[in-house]
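Each chain, written out:
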Amino acid sequence: MIDLKILRTDPDSVKEALKKRNMDLTIFNYLITLEQKRREAINNSESKKAERNSISSQIAAARKNKENGKALELQKKAKEISNEVKILDEETKKINEDLMSKLLYIPNFPSENSPVGIDENDNKVVKKWGEPRNFDFEPLAHWDLGLNIDSMDFERASKLSGSRFTILKKQLAKLERVLVNFMLKVHTEENDYIEFALPYMVKRDIMTACGQLPKFEDEAYKTTDDMFLIPTAEVPLVSLHKNEIIEFNDLPLKYTGYTPCFRREAGSYGKDVKGMIRVHQFDKVELVWITKPENSDKALEELTLNAESILQKLNLPYRVVNLCTGDLGFNAAQTYDIEVWLPSQDKYREISSCSNVKDFQGRRENIRFRDKDNELKFVHTLNGSGLAVGRTLIAIMENYQTEDGKIKVPEILQNEMGVEYIG
RNA sequence: GGAGAGGUGGCCGAGCGGCCGAAGGCGCUUGCCUGCUAAGCAAGUGAGGGUUUAUACCCUCCGAGGGUUCGAAUCCCUCCCUCUCCGCCA
């Protein structure tokens with residue numbers, strides 16, 4: 001959620017931010033008038049309340065002095081005022097609710113570090129690592145590779161659960177498990193993250209605080225008792241500190257956790273329908289930072305490097321893309337997408353998305369810290385995949401495939417896997 | 001699922017219709033004191049919002065939402081959460 005105060009003190013910056021995101025500006029004018037109406041309403045009801053409170057204490061005083069007649073008269077007057085207050089409060093509440101419901105749909109302000117642009121074509125590649133391998137044969141897609149070695153089963157997956165599910169078996173199932181373990185090991189032992197095992201279902205207010213709701217309700221799976229399956233471990237990890245005040249010296253907090261993620265993928269009809277690139281349930285190791293405001297930009301660089309380190313250790317070629325303002329997600333002020341090379345598609349594909357959310361979530365979650373000057377301030381939050389496990393598995397399969405249809409196990413995993421080749 | 005207890009400031013904890021935004025303690029900040037540390041003494045110390053150049057003033061908040069009342073942390077209702085015991089169970 002954006003800061004209401006900014007709407008009043010610096011409305012142009014809000015306008016600018018919405019423009020950068022290519023948003024319709026009619027909402028902006030509506031917000032401005034609503035904000036004014038809100039303050040008027042507050043003033044009206046508060047001055048009535050002040051009046052009522054002063055009469056109330058006069059009643060108490062009169063009672064004490066046994067001036068019962070006077071007290072009764074004052075009570076009559078106070079009753080009238082009290083009724084007026086009720087009406088004024090009702091109005092204020094209505095305006096407030098309207099304003100809040102609109103505000104929850106306003107995305108975060110883009111960071112200065114995000115290039116201004118319309119869509120993904122304006123994203124800036126800021127880094128390339130590794131060279132895509134030259135194949136002297138036609139590289140297969142991961143689904144063909146998986147089927148050929150009898151380690152992926154899409155037919156039975158759809159029998160069980162419908163489209164966009166995958167079943168892994170044998171060495172690929174094991175590779176998935178080994179990958180999770182590998183990622184967590186790197187992040188906890190080398191990158192200094194604290195590991196969490198988390199609930200996969202959360203309450204509605206948690207989803208809202210995190211910025212997933214109300215705008216993206218279509219994207220989430222809901223249970224019959226109004227719980228939500230988490231779309232990412234970011235949700236429980238960031239919400240750990242909801243409504244908390246964090247000690248100055250405890251910042252930054254660096255958290256990691258592995259969870260499955262559940263997404264309906266509404267609106268992605270026809271996109272990546274084959275294979276396990278875009279599925280309703282996937283495994284992910286998530287990285288979350290909670291920082292002081294002045295450190296979040298630096299933290300994003302570091303978090304992104306932490307995610308990259310996994311790809312480097314696996315020797316998978318990738319590039320890093322700084323998303324333009326038009327392509328930024330709802331919560332993000334700045335985002336680096338890490339894209340891994342997929343030979344069968346002859347393309348880099350997203351495998352991690354690392355975002356600086358600044359105080360946008362901190363405000364919604366009400367997570368604060370006491371600054372050096374003793375002021376309470378909202379923390380900045382950051383999140384990134386470190387990495388999406390399924391897509392890492394795919395990348396390994398495709399990049400490490402051999403001409404005879406096997407998959408070489410990346411050197412760093414060979415010990416854990418116990419084999420040099422799969423298939 | 002059944003029975004009971006409870007949710008108060010950064011934390012602990014009192015208050016159970018009107019000088020209660022809330023005693024007391026811990027913590028924290030500042031000053032004094034002491035060779036350092038610790039202890040001791042004194043003062044200060046909740047959050048959000050509104051008005052204001054400012055000093056300052058006002059409103060709201062004691063799990064959430066309603067209700068009773070001139071007035072609610074305190075009384076009533078609903079909901080949520082936590083704990084204890086019992087049942088069921090991986």
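Residues numbered from 1 in each chain as written. Chains lettered and ligands numbered in written order. Predicted model: local features only at pLDDT ≥ 70, side-chain atom pairs only at ≥ 80, totals over all residues. Heavy atoms only, no water.

As for the overall build of chain A
The test is simple: Elements are defined by DSSP. Helices are runs of H or I of four residues or more, strands are runs of E of two residues or more, and each kind is numbered from the N terminus. Relative accessibility decides the category of a residue: with a 1.4 Å probe and only protein chains considered, values under 20% of the type maximum give buried, values over 50% give exposed, and everything between is partly exposed. It only takes one pair of heavy atoms within 4.5 Å for two residues to be counted as in contact. Working definition of accessibility: Shrake-Rupley area with a 1.4 Å probe, residue cover restricted to the visible protein chains.
Counting its secondary structure elements, chain A contains 13 helices and 15 strands. The proportion of buried residues among the 423 residues of chain A is 48%. Partitioning the contacts of chain A with sequence separation of at least 6, the portion at a separation of at least 24 is 73%. Of the roughly 21100 Å² of accessible surface on chain A, a fraction of 47% belongs to carbon and sulfur atoms.

Let's talk about the nonpolar core
Operational definition: Side-chain atoms within 4.5 Å are what join buried Ala, Val, Leu, Ile, Met, Phe, Trp, Tyr and Cys residues into a set we call a nonpolar core.
Core analysis: the biggest nonpolar cluster contains 54 residues, and L175, L179, I396 and L413 have the highest contact counts within it. The element that contributes the greatest number of residues to this core is helix α7 (residues 170-190), accounting for nine residues. Beyond its immediate chain neighbours, meaning those up to four positions away, L175 contacts L393, I396, L413, M417 and I422. Of all hydrophobic cores here, the second largest spans 23 residues; its members include M207, V288, I367 and F369.

A look at the sheet that holds strand β7 (residues 281-291)
What counts, and what does not: Note on pairing: DSSP must find at least two bridges between two strands before they are called paired. For helices, the fitted axis covers only the stretch in contact; all axes are lines through C-alpha atoms, and the angles between them, taken along N-to-C directions, range from 0 to 180 degrees.
As summarised here, the arrangement of the eight strands in space is β1-β8-β9-β10-β13-β7-β6-β2, forming an open sheet in which the pairing is mixed. The sheet is open, and its two edges are formed by β1 (124-129) and β2 (194-196), each paired on a single side. On average, each strand axis in the sheet is inclined to that of its neighbour by 25 degrees, with strand direction left out of account. Two strands pair when backbone bridges link them, and strand β9 (residues 334-342) and strand β10 (residues 347-358) are joined in this way by nine bridges, in the antiparallel orientation. Along β10, the bridge assignment pairs D337 with S353. On top of the sheet, helix α12 (residues 389-399) reaches β7, β9, β10 and β13 (380-388); it is set at about 40 degrees to β13, its chief contact.

Notes on the pairing of β13
Within a regular strand, the side chains alternate between the two sheet faces. Along β13, nine of the nine residues are buried, which leaves the element largely enclosed by surrounding structure. As paired strands, β10 and β13 are joined by three bridges and run antiparallel to one another. Residue pairing in the sheet places K358 in a bridge with T381 of β13.

Things to note about the protein's contact with RNA strand B
The following threshold applies: A cutoff of 4 Å decides nearness: a residue is near a molecule or strand if any of its heavy atoms lies inside that distance of it. Polar contact is the term for a pair of N or O atoms within 3.5 Å; when the atoms are in protein, one must be able to donate a hydrogen and the other to accept it, and sequence-neighboring residues count only if both atoms are side-chain atoms. For this classification, Asp, Glu, Lys and Arg are treated as charged, while Ala, Val, Leu, Ile, Met, Phe, Trp, Tyr, Cys and Pro are nonpolar and the rest, including Gly, are polar.
In the vicinity of RNA strand B there are 23 residues, among which R8, N43, R63, S82 and K93 approach most closely. When atoms of RNA strand B within 4 Å of the protein are sorted by moiety, sugar and phosphate together comprise 72%. Between RNA strand B and S56 there is a distance of 3.1 Å, counted from a base nitrogen to a backbone nitrogen or oxygen. In the model, a phosphate oxygen of RNA strand B is placed 2.6 Å from a nitrogen or oxygen of the S82 side chain. Mapped onto the surface near RNA strand B, the elements with two or more residues apiece are α3 (26-64), α4 (68-103) and β11 (368-370). Split by residue class, the surface near RNA strand B holds six nonpolar, five polar and twelve charged.

Details of unusual backbone geometry
Put simply, L251 and P252 share a cis peptide bond, and its omega is 0 degrees. The backbone phi angle of D150 is positive, close to 55 degrees, even though this residue is not glycine. Inspection of the secondary structure puts D150 in the loop between α5 (142-148) and α6 (154-161). A positive phi is found at N366, a non-glycine position, where the angle reads about 60 degrees. Residue class for N366 comes out partly exposed when judged on its relative accessible area of 24%.

Some points on the pairing of β9
Across the nine residues of β9, nine count as buried, placing the element largely inside the fold. The two faces of β9 match: Q334, Y336, I338, V340 and L342 on one face and T335, D337, E339 and W341 on the other face are all buried. Pairing of strand β8 (residues 318-322) with β9, which is carried by five bridges, proceeds in the antiparallel orientation. Residue pairing for β9: Y318 is matched across the bridge by V340. Here β9 folds back onto β10, and the loop between the two strands holds four residues, one of which, D346, carries a positive phi near 55 degrees.

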